[in-house]
There are 4 protein chains.
Amino acid sequence: MGAVKSKRMPRAVREQQMMDAAVRTFGQRGYRAASMDEIAELAGVSKPLVYLYLNSKEDLFSACIRREAQSLLEAVRAGVDPELPADAQLWAGLRAFFVHTAENPDAWSVLHRQARSHGEPFVSEVGCMRDEIVAFVTGLIGAAAREAHSDPALADRDVAGLAQALVGAAESLAGWANDTPDVSAREAAATLMNFAWAGLENLMHARPWTPPAA
Amino acid sequence: MGAVKSKRMPRAVREQQMMDAAVRTFGQRGYRAASMDEIAELAGVSKPLVYLYLNSKEDLFSACIRREAQSLLEAVRAGVDPELPADAQLWAGLRAFFVHTAENPDAWSVLHRQARSHGEPFVSEVGCMRDEIVAFVTGLIGAAAREAHSDPALADRDVAGLAQALVGAAESLAGWANDTPDVSAREAAATLMNFAWAGLENLMHARPWTPPAA
Amino acid sequence: MGAVKSKRMPRAVREQQMMDAAVRTFGQRGYRAASMDEIAELAGVSKPLVYLYLNSKEDLFSACIRREAQSLLEAVRAGVDPELPADAQLWAGLRAFFVHTAENPDAWSVLHRQARSHGEPFVSEVGCMRDEIVAFVTGLIGAAAREAHSDPALADRDVAGLAQALVGAAESLAGWANDTPDVSAREAAATLMNFAWAGLENLMHARPWTPPAA
Amino acid sequence: MGAVKSKRMPRAVREQQMMDAAVRTFGQRGYRAASMDEIAELAGVSKPLVYLYLNSKEDLFSACIRREAQSLLEAVRAGVDPELPADAQLWAGLRAFFVHTAENPDAWSVLHRQARSHGEPFVSEVGCMRDEIVAFVTGLIGAAAREAHSDPALADRDVAGLAQALVGAAESLAGWANDTPDVSAREAAATLMNFAWAGLENLMHARPWTPPAA
DNA sequence: AATGAATGAGGTTTCATTCAT
DNA sequence: AATGAATGAAACCTCATTCAT
């Protein structure tokens, strides 16, 4: 099943193999339901080696979260060209995001579903990554507003709200796209972009929707 | 702690007590980490009684999912007045949704986080509820389009995508509102409405954002 | 092997059976080498029941220490008649002590050997019992000195030193008597009494041995 | 931490380093709780080297027992001058004993506590040393009796009992002195000498304590 | 209607020990 | 002379589940 069982690998390589197996197992079974036995077997090593290198189930899970969070962040960053206009950057970033989550569904499950359902060491860990993404998006939205000479200038609070909603919707759509056949990354990105860009424009041109008198 | 320990309750009441305890425990600990011991203790009954009434941990979890899904659906339906215009209906539905998730955070955790991370019997169960909500929202969007004499008519596929994105964003915001202090249900609803309505209007007036040449 | 395997005993009885098995196992194998599996089997129950009733290996060991320390103390106290003269009381106490340690060699091993080699929760626990015994002996020696109208009065510090040496020697002899065939409790007691009483008399008559000029 | 990590030492030296580390670890943690990992690390070598030189944990422990037993015996022997009178020899031997055990508490813990709590290969090993010490003391007591023209001659059996009690008391006091702050080796030796010499004199002058009619 | 007593199965973790270089 | 890589076996502990009343 797992990787070809080749013996006596250098530590760094084995560690990556173990984390690959761990991400797959955690992503599919969840943190609690995943067993170290299964992870070790999938990695093609014995359980004690997993403990020798990665210390404990908790540490292993944390390591996975950090590795995959880094990987996702880098994928998004690598996908955008900072020379382009803001809407093109956002579009590129969303595509990169959905492509990455589609290509690494277990990693996405670890980051989005499992890490958030299992309490404190982990929630913070993904929280950091999410904050970085939100900051990135916030920057893009701000830049877009300036490019459009938005008048009156978009309030910071509105920008933040938009960014939160956008990232939230993206997270949710990623899960949906993964779980639903025949939804391509590009399609998910386009749907969201449509949604998001419209909201942006309306806000920038001071045409917000207002609640009826409560 | 749990309910006052009074003996000899009719079955229906006891069952509800057990499910209350179960929802709380599942919501906070997760499906795997929750133990039948803890649930029984919190419910103020012995473990065999839980098994007598609810059969197994899996059945108990399913029962919780169904009960809470129903409860959420009813809350949303009860919140909207079908006589109002579509945007007012949407606004009311969102508020009802966010109020309910804020008032029942454990139930929301069960539906949104725990049920979706634990494989097949459960994922389908929440899937049904979600489909009903999506259908409901789809209906609203369609109605809104007709009210606006949208021309050309909004494609069904676009409506579906929008509804998905809207529901996804709502789900995401519900978690965010629950986890973040000082975010009221009303605020979450307004943020999302702003976001959503703008996208809707743009689409209905045929001003979609189009991707640059791929 | 173990107790007859009779099912559905009341909790208190089962607990005693488990502790009997535990004392035997801990006494013979040592704290670390004893396995909960072995204890459970010897007690004729399954391992989970041991954990249900006694919580953890550490708690089980502590419980054994406390029970056996109590038992030994009571045996010694029951053995002496406070109406008798001090030397007779000492003699009776020693006999009771050696009889008890001979009849419960595993318990004595737990108290004297195992508990003292395994760090802090346990060392204090036996320390308490030992202190009670030392106090008891100190009282007897003081009484003996007064009965003999010791002149000059025996210094408190000397009494304490004697009591420590006496108890230490008794502890040591108990192990020796248990490990050596053909040494009766009575014989051990007589040897020690001989040894101790002589020291007492010399001290009481102010004939201490003095080191040569260092 | 452990020895400075210098490579390519001759085997004999490395072996001593390992045994130093082993004695320290066994003495503090106990036989079972000590891990070969810890010993190897403390010795500044890799685990396979420990196995290459010392074969197994059991062999390593045995080797420690033998080395430390020898060391203690030699210390005691070196402390006494056979030209002196018997009481001076006893006094010197006790001092040497207590000094050695105080200076090597881990070694003493190995010999007195750990070796005796872990079954057969080890118990015999320390038993040998103990027998040598008892024989040595027996000789001294006999000599003292002869010097004193003890009349009637002290029965061999009494001498043996006394020697056992003396050695037992010494062992016990050694532990007590190590565990109790502010008890010097000299003080422990004096306490015991006082105790012992009095008993000896009484016996030699045929003034034994006799139990009341049993 | 309800429970005290009990367990099979499986989880994480540690450890003495060996292999190949 | 020395070690990095690796493991079989067994330890402690937990949990869903049932039996007998």
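Rules of the game
- Residues numbered from 1 in each chain as written.
- Chains lettered and ligands numbered in written order.
- Predicted model: local features only at pLDDT ≥ 70, side-chain atom pairs only at ≥ 80, totals over all residues.
- Heavy atoms only, no water.
- Contact = heavy atoms within 4.5 Å.
- Buried area = accessible area lost by both parts, 1.4 Å probe.
- Salt bridge = Lys/Arg side-chain N within 4 Å of Asp/Glu carboxyl O.
- Helix = DSSP H or I, 4+ residues; strand = E, 2+ residues; numbered from the N terminus.
- Axes fitted to C-alpha atoms, helices over the stretch in contact; angles between N-to-C directions.
- Parallel < 35°, antiparallel > 145°, perpendicular 65-115°, else oblique.
- Nonpolar A, V, L, I, M, F, W, Y, C, P; charged D, E, K, R; others polar.
- Near = heavy atom within 4 Å.
- Polar contact = N/O pair within 3.5 Å; in protein donor to acceptor, adjacent residues only side chain to side chain.
- Least-squares fit on C-alpha atoms with pLDDT ≥ 70 in both.
- UniProt positions renumbered as here; feature names shortened; annotations may be inferred.
- Buried < 20%, exposed > 50% of the residue type's maximum accessible area, 1.4 Å probe, protein only.
- Left-handed = near helix turned anticlockwise from the far one by under 90°.

S.K.: Which parts of the structure should I look at to understand the interface of chain C and chain D?
M.R.: Accessible area lost on assembly of the parts is the figure often given for the size of an interface. The interface is formed by 40 residues belonging to chain C together with 40 residues belonging to chain D. Between chain C and chain D the total buried area reaches about 3,500 Å² when both faces are included, carbon and sulfur atoms providing 62% of it. Counting across the chain C and chain D interface gives 0 salt bridges. Of all the secondary structure elements, the ones that give two or more residues to the side of chain C that touches chain D are helix H5 (86-103), helix H6 (105-114), helix H8 (156-179) and helix H9 (185-204) of chain C. For the side of chain C that touches chain D, the element with the highest residue contribution is H9(C), accounting for 13 residues.

S.K.: Help me understand the packing of helix H4 (residues 57-79) of chain C against H6(C) in this model?
M.R.: Two numbers describe a pair of packed helices, the interaxial angle and the distance between the axes. Residue and element names in this part refer to chain C. One can describe the packing of H4 onto H6 by two numbers: an axis separation of 9 Å at closest approach and a directional angle of 110 degrees. Of the possible angle classes, the one that applies to H4 and H6 is roughly perpendicular. Contacts between H4 and H6 involve Phe-61, Ile-65, Glu-68, Ala-69 and Leu-72 on the former and, on the latter, Ala-107, Trp-108, Val-110, Leu-111 and Gln-114. By residue class, the composition of the contact of H4 with H6 is 8 nonpolar, 1 polar and 1 charged.

S.K.: Any chance you could explain the protein's contact with DNA strand F here in plain terms?
M.R.: Lining the immediate environment of DNA strand F, one finds 38 residues, of which A:Arg8, A:Pro48, B:Lys47, B:Tyr51 and C:Lys47 sit closest. For DNA strand F, the fraction of atoms within 4 Å of the protein that belong to sugar or phosphate moieties is 55%. In this structure, A:Tyr53 approaches DNA strand F through a side-chain N or O atom, which is 3.5 Å from a phosphate oxygen. A distance of 2.7 Å separates a phosphate oxygen of DNA strand F from a polar side-chain atom of B:Lys57. Here the element with the most residues in the surface near DNA strand F is helix H3 (residues 47-54) of chain D; it accounts for 4 residues. Split by residue class, the surface near DNA strand F holds 19 nonpolar, 6 polar and 13 charged.

S.K.: Help me understand the relation of the copies chain B and chain A in this model?
M.R.: One copy of the chain maps onto the second through a rotation around an axis plus a translation along that axis. Superposing chain B onto chain A takes a rotation of 178 degrees combined with a translation of 0.1 Å along the rotation axis, leaving an RMSD of 0.2 Å. Such a combination of rotation and displacement between the chain copies is what one expects of a two-fold axis. Across chain B, the smallest distance between a C-alpha and the rotation axis is recorded for B:Ala169, namely 2.1 Å. When the interface residues of chain B are mapped onto chain A, 95% of them again fall at the interface, so both copies present the same face.

S.K.: Honestly, the UniProt feature "DNA-binding region" (unreviewed entry) in chain A in this entry has me stumped. Any pointers?
M.R.: Per the UniProt entry, the sites bearing "DNA-binding region" (unreviewed entry) are residues 35-54 of chain A in this numbering. Across residues 35-54 of chain A one finds 80% helix and 0% strand; the C-alpha atoms that close the span lie 14 Å apart.

S.K.: Would you mind showing me how to read the pattern of salt bridges here?
M.R.: All names here are of chain C. The full count for this structure, using the stated rule, is 36 salt bridges over all chains. With a shortest N-O distance of 2.9 Å, Glu-15 and Arg-11 are connected by a salt bridge. Of this pair, Glu-15 and Arg-11 both sit in helix H1 (residues 11-29), separated by 4 residues, roughly a single helical turn. Overall, the relative accessible area of 43% leaves Arg-11 in the partly exposed class.

S.K.: Can you walk me through the packing of helix H5 (residues 86-103) of chain B against helix H7 (residues 120-147) of chain B in this structure?
M.R.: All names here are of chain B. It is at 8 Å that the axes of H5 and H7 come closest, and there the two elements cross at 155 degrees. Comparing their axes, H7 and H5 come out roughly antiparallel. By crossing handedness, the relation of H5 to H7 is classed as left-handed. Side by side, H5 and H7 meet where Ala-86, Gln-89 and Leu-90 of the first sit next to Leu-140, Ala-143, Ala-144 and Glu-147 of the second. Of the residues that constitute the contact of H5 with H7, the class distribution is 5 nonpolar, 1 polar and 1 charged.

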